[in-house]
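In case you want the letters, here they are:
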Amino acid sequence: MQQLYDLFLKTGLRPFAFMTDTLQLEQKVTRSDLSTLLILLFRGDQTMSELASEMGAPLSSMTSIATRLERKGLIARAISAQDQRVRLVTLTQEGRRLAKEWEHIMQEMLGRLESAFTPEELDEFTRLLLKAAKVFQSEGPVRQDVKKTSARKINIEE
């Protein structure tokens, strides 16, 4: 289940788009914003470089996201106690509340999946979903042994 959770978080997949509870949240912030808030909730304070790496985004894009979230009062940027040159991104109280709300929705949805599948089906579903995500991220493996078939016409009776 954790693998599915991480997959949704890191890739920005939207399996929850059809759930009406998420529509209200998505009007407040973008998917990138939500992913950023969730990463901060799960991983704790992060530098901008760490956040960009977690999000798989360029630092310039992460800076734009952080600026937007800071304007909305959902994150704060502070100087690190260990190194004055480093600025850490941290959740504000409102940012934490919003991230917890989204986490609850994700857990509810994943719980529904868990109850709909047998443990074996869930393992297979997770394995296939992770495989598909890897294919899309790396343009995936090309199977050499796949035979090409020619198109054929199918007559459909009315």
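What counts, and at which threshold
- Residues numbered from 1 in each chain as written.
- Predicted model: local features only at pLDDT ≥ 70, side-chain atom pairs only at ≥ 80, totals over all residues.
- Heavy atoms only, no water.
- Helix = DSSP H or I, 4+ residues; strand = E, 2+ residues; numbered from the N terminus.
- Buried < 20%, exposed > 50% of the residue type's maximum accessible area, 1.4 Å probe, protein only.
- Contact = heavy atoms within 4.5 Å.
- Areas by Shrake-Rupley, 256 points an atom, 1.4 Å probe, with all protein chains shown as cover.
- Pairing = 2+ DSSP bridges.
- Core = buried A, V, L, I, M, F, W, Y, C linked by side-chain atoms within 4.5 Å.
- Axes fitted to C-alpha atoms, helices over the stretch in contact; angles between N-to-C directions.
- Parallel < 35°, antiparallel > 145°, perpendicular 65-115°, else oblique.
- Expected span 1.5 Å × (residues − 1).
- Arc of directions from axis to C-beta.
- Polar contact = N/O pair within 3.5 Å; in protein donor to acceptor, adjacent residues only side chain to side chain.
- Left-handed = near helix turned anticlockwise from the far one by under 90°.

Asker: Can you tell me about the overall build of the protein, naming the residues and giving the values?
Answerer: Each helix and strand counted, the protein has seven helices and three strands in total. The linear arrangement of helices and strands in the protein, starting from the amino end, is α-α-α-β-α-α-β-β-α-α. Taken across its 158 residues, the protein has 32% of its residues classed as buried. Once local pairs closer than 6 in sequence are excluded, the contacts in the protein between residues at least 24 apart make up 58%. Carbon and sulfur atoms form 51% of the exposed surface of the protein, whose accessible area is close to 10900 Å².

Asker: Give me the lowdown on the pairing of strand β3 (residues 87–91), citing residues and values where you can.
Answerer: Sheet topology places strand β1 (residues 46–47) next to β3; two bridges connect them, and they run antiparallel. Paired with Gln46 across the strands is Val89, a residue of β3. Of the pairings in the sheet, the one linking strand β2 (residues 75–79) to β3 comprises five bridges and is antiparallel in character. Opposite Ala78, over in β3, you have Leu88 as the bridge partner.

Asker: Pulling in residues and values, what's your account of the nonpolar core?
Answerer: By size, the foremost hydrophobic cluster in this structure holds 24 residues, and its most contacted members are Leu37, Met62, Leu69 and Ile75. For this core, the elements supplying multiple residues, two or more each, are α3 (31–43), α4 (48–55), α5 (59–71), β3 and α6 (93–116). Of the residues forming this core, the biggest block, six residues, is contributed by α3. Residue contacts for Leu37: discarding those within four places in its chain leaves Leu69, Leu74, Ile75, Leu91, Gly95, Leu98 and Ala99.

Asker: Quick rundown of the environment of Arg87? Include the residues and the values.
Answerer: Inspection of the secondary structure puts Arg87 in strand β3. When its relative accessible area of 46% is taken as the criterion, Arg87 is described as partly exposed. Dropping the residues within four chain positions of it, Arg87 is found in contact with Gln46, Thr47, Met48, Arg77, Ala78 and Ile79.

Asker: Got a sec to walk through the packing of α4 against α5? Specific residues and values, please.
Answerer: For the pair α4 and α5, the least separation of the axes is 9 Å and the interaxial angle reads 105 degrees. Between α4 and α5, the crossing angle belongs to the class labelled roughly perpendicular. For the pair α4 and α5, contact is made by Met48, Ser49, Leu51, Ala52 and Met55 and by Leu59, Met62, Thr63, Ile65 and Ala66, respectively.

Asker: Residues and numbers for α5, please.
Answerer: The end-to-end C-alpha distance of α5 is 18 Å, a good match for the 18 Å that 13 residues give at a rise of 1.5 Å each. Within α5 the residues assigned to the buried category are Met62, Ile65, Ala66 and Leu69. Here the buried residues of α5 occupy an arc of 100 degrees about the axis, which is enough to place them on one side. Exposed and facing more than 90 degrees away from the buried side of α5 are Ser60 and Arg71.

Asker: For the environment of Ser115, give the residues involved together with the corresponding values.
Answerer: Here Ser115 is to be found in helix α6. In this structure Ser115 comes out as exposed when scored by relative accessible area, which is 63%. A polar side-chain atom of Ser115 sits 3.0 Å from the main-chain carbonyl oxygen of Arg112.

Asker: Pulling in residues and values, what's your account of α6?
Answerer: Turn by turn, an α-helix covers 3.6 residues, leaving residues three or four places apart pointing in a common direction. Taking 1.5 Å as the rise per residue, α6 with 24 residues should run 34 Å; its terminal C-alpha atoms sit 35 Å apart, in good agreement. Among the residues of α6, those classed as buried are Gly95, Leu98, Ala99, Trp102, Glu103, Ile105, Met106, Met109, Leu110 and Leu113.

Asker: Can you explain the packing of α3 against α4? Please cite residues and give values.
Answerer: Contact geometry of α3 with α4 gives a least axis separation of 11 Å together with a crossing angle of 115 degrees. You can see that α3 and α4 cross each other, and the crossing is right-handed. Contacts between α3 and α4 involve Ser32, Ser35, Thr36, Ile39, Leu40 and Arg43 from the first element and Leu51, Glu54 and Met55 from the second.

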